[in-house]
Amino acid sequence: MTGHRTRRLTVALVAVGLALAPAARAQRGGDDEAPPPRGWPGRPPPPPPPYPGPPPYAYPPPYAYPPGPPPVVVEAPPPPPPLSTGAKILFAPFYAVGLVLRYGLYYLFVAPFEVLGRALTYGPAGGVERPDGPPPPPEPDREGS
């Protein structure tokens, strides 16, 4: 129980000290400087003058480089010769099957959905405003009047 009383007394003294600290500071004159440490003869010395910085760097004069060697021209290999007639005949069916697979599948599966999407987007008019009627016929020439 004595520990509890001691703790209460300590808390009360700290609270009173914190409450009276501003009043004590105002009586001293309100200076915010901390007191000098013990054994200090007086005020601290003034700060040193600002350092002027290093002197500007003297760059060496620009060096004239000798011209380099001319660029190397690399010739590309010649294009391969065209396929012979026999090779063209041999590869023609495979080429046709590739075209059918590529464009046939597109027109079979993708194109109908694109057409349907456009029809739903633009409606029956198709996105084009129709004129009210046919244009008027041209007037006949009147040369006899």
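Residues numbered from 1 in each chain as written. Predicted model: local features only at pLDDT ≥ 70, side-chain atom pairs only at ≥ 80, totals over all residues. Heavy atoms only, no water.

Caption draft 1: Representation of the overall build of the protein in the model. Secondary structure summary: the protein contains two helices and zero strands in total. For the protein, with 145 residues in total, the buried portion stands at 1%. Summed over its atoms, the accessible surface of the protein is roughly 15100 Å², and 68% of this surface lies on carbon and sulfur atoms. (Helix = DSSP H or I, 4+ residues; strand = E, 2+ residues; numbered from the N terminus. Buried < 20%, exposed > 50% of the residue type's maximum accessible area, 1.4 Å probe, protein only. Areas by Shrake-Rupley, 256 points an atom, 1.4 Å probe, with all protein chains shown as cover.)

Caption draft 2: Examining the packing of aromatic side chains more closely. Summed over the entire model, instances satisfying the criterion amount to two aromatic pairs. When the centroid spacing of 5.1 Å and the interplanar angle of 80° are considered together, the rings of tyrosine 106 and tyrosine 107 count as edge-to-face. With relative accessibility at 57%, the residue tyrosine 107 sits in the exposed group. (Phe/Tyr/Trp six-rings, centres within 6.5 Å; stacked < 30°, edge-to-face > 60°.)

Caption draft 3: Just helix H2 (residues 85-122), in detail. Of all the bends in H2, the largest measures some 40° and sits at valine 110, one to four residues before the proline proline 112. Backbone geometry just downstream of H2 places glycine 123 in the positive-phi region, at approximately 80°. (Bend = angle between axes of the 7 residues up to and from the residue.)

All quantities given are derived from atomic positions and should not be read as evidence of function.
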